[in-house]
Every structure is written in C-alpha cells, then in structure tokens.
Amino acid sequence: MKAPLTIACHECDLLYELPPLPERSVAKCCRCGAVLQRHKRDSLDRTLAWTIAGLILFVVANAFPFLDLKKGDLVRQTTLITGVMELYQQGMRSVAVLVFLTSILFPAVQLAGLLYLLLPLKVKLLPWWKPASVFRFIQRIHPWAMMEVFMVGILVSMVKLGKLAKVVPGIAIYSFAILIFVLAAAASSMDPHLIWDRLEIDR
Amino acid sequence: MKEEFATALEKSLVSCHSCHLVSKATAIHGKGEMICPRCGSVLHQRKPRSLSRTWALVIAAFIFYIPANVLPITKVTSLGHAQSDTIISGVIYFIQTGMWPIALIIFTASIFVPLAKLLILSFLLISVDRKWQWRPRDRTRLYRITEAIGRWSMTDVYVVTILVALVRLGALANVEAEPGAIFFAAVVVTTMFAAMSFDPRLIWDAMETDHE
C-alpha cells in the first residue's frame, strides 16, 4: 500500500527504511531503543473525535465555577483564570503569564489547531492557511501544555486547604479532570507521520 | 548491529526536527541554511551549539535553584498574623500534620526532580564533551527520563496559583505569592529548555568516530 518510509532515529540518528507497520505494533530503534513509529488505528477519525470532545470540555472548564472556598458565612468563588489574574495584580507577572500559557492558552491553541487541520483533511481538503506552520507550531508548544500537572496542583491545594475551610468543587473542575484524559487520548491517537503525509500529498 | 546500518549524518542526510522527513543535506537556502522541503523548518544535522546552549541553561537553572529554595513562595495572613512559607517549610508542614503522601509529591516535584534533572544533564554534557563510550543506550534512556519528568515540577507553581485565587477571605485568611515563586518558575522553564536544547545524538556520535 505504502512505500517504505525513510526515517532517522531522532535520538541516535540511525537510518531506517520502515515498511508499513502491522496493527498495534511499535517500531523501536535497535541501537538506542527510542520509539520510531507506532501504528495507530483510524488515527485521523479518532484524533478528530477526541479533539472535538476536548474543545467542548475546555469551554466548560473555563466558563463555569471552578473551586469555591467556604468558611462560615464567607464564600470565595473562583474560575480557572482567577489565579492568573490574582498573580498578575500582585505583581507576579512572569508567573501569571507562565501559568496562563501552560494551563489555558497552549491547550486551547493545540485543540483549535488540531481541529483546523483535521476537519479539512477528513473531507479530503487542505486547510487554507499555512497548514504546515500551524502543525509545526502545535507540535512545538505540546511540551508546554501542562493541564495534567495543573490537576495535581489542584489536588495538593484541596488537601492543603482542607483544614482551613471547606473546598467545594464546581462543574468546571470535573470537566477539567475529564479533559486531561481526553487530551492524552488525542495525543496518543494522533499520528504525526500520517498528518504530514496528507498535508504533503494535497499540496 | 550490522554493517548496512548507517546514520543520517554519515550518508549526508538530514532529519527534520519537526516533521522527521529525511532529506539530502545539500538543499542550501539563500542564507546558507537548509530548509525542510515538507514543513519549512530550518534543518540541522545536530541541534545547533547544543553543548554550550545546554550548559548555559543548566548553569542558569542551578543559580535560580538557590533563591527558589531559600526565598518564601507564599505568605499567609490570618487574623493579622503573617507567615511566609518556603518550599521546604511546606513539605515539613505536611509531614508534621501526617499528610506524608502530599509531602512526598511536593518534595519529589519541587526539590528532587529539578535537582536530579540538572545533575543528569550535567553528567550527560560532561560525558559527551569527553567523548565517553560508556553505556550509550542507558545514557540515552537517562536523557529520555529527564525530558519526560521536567514538566511535573510545575506542580508547586500551580499550587501557589490556586491558593492565591482561593484564599481571599478578607481578614480571616489571605494568601499572597512571594518572590521565591518567580525563581522557582524560572528553574522549571530553564531546565525544560535545557533538556530540549541537548541533542542525544551527540552521545552516539562519540561511538561512531571510535569504530572507524
């Protein structure tokens, strides 16, 4: 079906001619053990489905109450972005920007970018504006989207505050928790080689 | 392995960092750069100035690591009484109150991981610089781990963010972020950039030159 793919191991530079991979198999570099390529079933459809699910959850996670803190009559309501704004107002601008990028902007750009690329590819069209640059950008920011780490931060904070006051989780936090798994699923169902192939063929 | 195996470098080929297309290392662009014909990235056979760049970032991170641990990261004001916390005092608090799993998470993510990462990267840099032949496969694995665990150090930055957002109960309790948080965030960012700028293929280049 496909011609063998010439690939160099990204960790030790050894060259390979990879034949199309059988179902559920992984090609590893025989010298350094790095994963060269992984077979992904229905990669395009699955990634697209996870991306759409992710976008919906992302909107819910940002629009609805995130965490409430209750102590007697006092109630403090927050959304996902409250912490960023508070940090910014306290003069911690660099930290505020870092948190905003890693927990809100980059995940959003990643999801939106994937939708922008995959939706046209699904109906055999080419995204009209610089698809290669968009895909390159998404892959570059990938290590900086850290929602799952944020979740650990939420759990630690909830335990930490448990003795001081009552922490009430809102709807947003549940969709945030599901979103982490959806993002992981989207990332693992995505086959970059396939997307690059499609972008190239259509050009 | 066998004789027929060769690296892209030996065959004058170059693999693209972003789309992994292998192309001939001759397609010189106007400015003397090679451009990937498929995705348009600038091509390099090895990450440019990988060693000096990574060293610079590792040293910067070592420097940031000190104020990140010495300076307080949060200040809790409760009924007129203010208390500043460093990362370590936070860990000690959790141990004293019996919440040792949380203490372990914070200690691992905020203290152990950044330091381990910096030590591993320094070791890898020295090993490449001296062209060591010792266990290249394990050193590559070490690099892979370093790259994967770095992001988890952000945990404490997020904890500070959430505390600052939530604990706004007027005179009863208030949490503010302190300068230590800036340095700590700087440690996380510089170590991540350091891991990205290191090129694990340099570990294997030392092996090639000796076999010939």
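Residues numbered from 1 in each chain as written. Chains lettered and ligands numbered in written order. Predicted model: local features only at pLDDT ≥ 70, side-chain atom pairs only at ≥ 80, totals over all residues.

Caption draft 1: Seen up close, the overall build of chain A. Scanning chain A from terminus to terminus reveals 7 helices and 7 strands. Secondary structure elements of chain A, listed N to C terminal, follow the sequence β-β-β-β-α-β-β-α-α-α-α-β-α-α. Across its three principal axes, chain A shows a C-alpha extent of roughly 70 × 40 × 35 Å. The buried share of chain A, taken over its 203 residues, is 36%. (Helix = DSSP H or I, 4+ residues; strand = E, 2+ residues; numbered from the N terminus. Buried ≥ 20, exposed ≤ 12 C-beta atoms within 10 Å, placed from the backbone.)

Caption draft 2: Highlighting the domain arrangement of chain B. The assigned domain composition of chain B is domain 1 (1-45) and domain 2 (48-211). In this structure, domain 1 of chain B and domain 2 of chain B have C-alpha centres spaced 33 Å apart. (Domains from an automatic or database assignment.)

Caption draft 3: Broad picture of the pairing of strand β5 (residues 67-71) of chain A. Residues and elements named next belong to chain A. Summarising the sheet, β5 and strand β6 (residues 74-78) pair through 5 bridges and their orientation is antiparallel. Paired with L67 across the two strands is T78, which belongs to β6. Counting the residues between successive antiparallel strands, the hairpin from β5 to β6 contains 2 residues, one of them, G72, with a positive phi of roughly 60°. (Pairing = 2+ DSSP bridges.)

Caption draft 4: Layout of the sheet that holds strand β7 (residues 166-169) of chain A. All names here are of chain A. Judged by pairing direction, the sheet is antiparallel, and its 3 strands sit side by side in the order β6-β5-β7 without closing on themselves. The open sheet has two edge strands, β6 and β7, and neither has a second partner. Within this sheet the neighbouring strands show an average axis-to-axis angle of 20°, counted without direction. Direction of pairing for β5 relative to β7: antiparallel, over a ladder of 4 bridges. If you follow K70 over to β7, its bridge partner there is K166. (Axes fitted to C-alpha atoms, helices over the stretch in contact; angles between N-to-C directions.)

Caption draft 5: Structural detail: the domain arrangement of chain A. Here the domain parsing of chain A yields domain 1 (1-39) and domain 2 (42-202). Computed over C-alpha atoms, the centres of domain 1 of chain A and domain 2 of chain A are 30 Å apart.

Caption draft 6: Focus on the nonpolar core. V95(A), V157(B), A181(B), F184(B) and A185(B) are the most contacted members of the largest nonpolar core, which has 109 residues in total. If one sorts the elements of this core by residue count, helix α6 (residues 180-197) of chain B sits on top with 11 residues. Those residues within four positions of A185(B) in sequence are excluded, and the remaining contacts are S94(A), V95(A), L98(A) and V157(B). (Core = buried A, V, L, I, M, F, W, Y, C linked by C-beta atoms within 7 Å. Contact = placed C-beta atoms within 7 Å.)

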